[in-house]
Amino acid sequence: MGENGGMLALVRLRRGVVGESRRVCHLIPVPSGPVPEHLTALCGESIFPGEAEVLDGLRGMPCHACLVRSAPPGRGFLANAG
Ligand SMILES: [Zn+2]
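Residues numbered from 1 in each chain as written. Predicted model: local features only at pLDDT ≥ 70, side-chain atom pairs only at ≥ 80, totals over all residues.

Section: the overall build of the protein
Okay, step 1: Looking only at helices and strands, one finds 2 helices and 5 strands in the protein.
Okay, step 2: Mapped from its N terminus to its C terminus, the protein presents α and β elements in the order β-β-β-β-β-α-α.
Okay, step 3: Per-residue burial over the protein gives 16% buried out of 82 residues.
Okay, step 4: By sequence separation, contacts in the protein at least 24 residues apart represent 52% of the contacts at least 6 residues apart. (Helix = DSSP H or I, 4+ residues; strand = E, 2+ residues; numbered from the N terminus. Buried ≥ 20, exposed ≤ 12 C-beta atoms within 10 Å, placed from the backbone. Contact = placed C-beta atoms within 7 Å.)

Printed below as a string of structure tokens:
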């Protein structure tokens, strides 16, 4: 869940920006105001809009750190996944 209870977007860094092994799907809280210069994923990775693509669903490998941080506290969310 986002800091303000808002939406989360799935983004992935574009091919060529980083190596294939780092092209994981990050979760990013969608800013409610103007789009900032860069976005920060839940895991702390800085995402610059020109370097990333927004996904309409989970593709490929999710960022584990983002997933852990997005899981509701006190629930067995990840334990039930997959
Ligand atoms: Zn991440």
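Looking at the environment of Val30
Okay, step 1: Within the secondary structure, Val30 is located in the loop between β2 (25-29) and β3 (39-40).
Okay, step 2: Placed 22 residues apart in sequence, Val30 and Leu8 show a C-alpha to C-alpha distance of 5.6 Å.

Observations concerning the sheet that holds strand β5 (residues 52-55)
Okay, step 1: Pairing in this open sheet of 3 strands is antiparallel, and the strands run β2-β1-β5 from one edge to the other. Two strands close off the open sheet at either side, each with one partner strand: β2 and β5. Between one strand and the next, the sheet's axes are offset by a mean angle of 40°, whatever the strand orientation.
Okay, step 2: Bridge count for strand β1 (residues 8-13) against β5 is 4 bridges, and the pairing is antiparallel. Looking across to β5, one finds that Arg12 is bridged to Glu53. (Pairing = 2+ DSSP bridges. Axes fitted to C-alpha atoms, helices over the stretch in contact; angles between N-to-C directions.)

Quick notes on the environment of His38
Okay, step 1: Following the sequence through the fold, His38 ends up in the loop between β2 and β3.
Okay, step 2: For the pair His38 and Pro49, spaced 11 residues apart in the sequence, the C-alpha separation amounts to 6.4 Å.
Okay, step 3: Non-local contacts of His38, meaning those with residues more than four positions away in its chain, are made with Ser46, Ile47 and Phe48.

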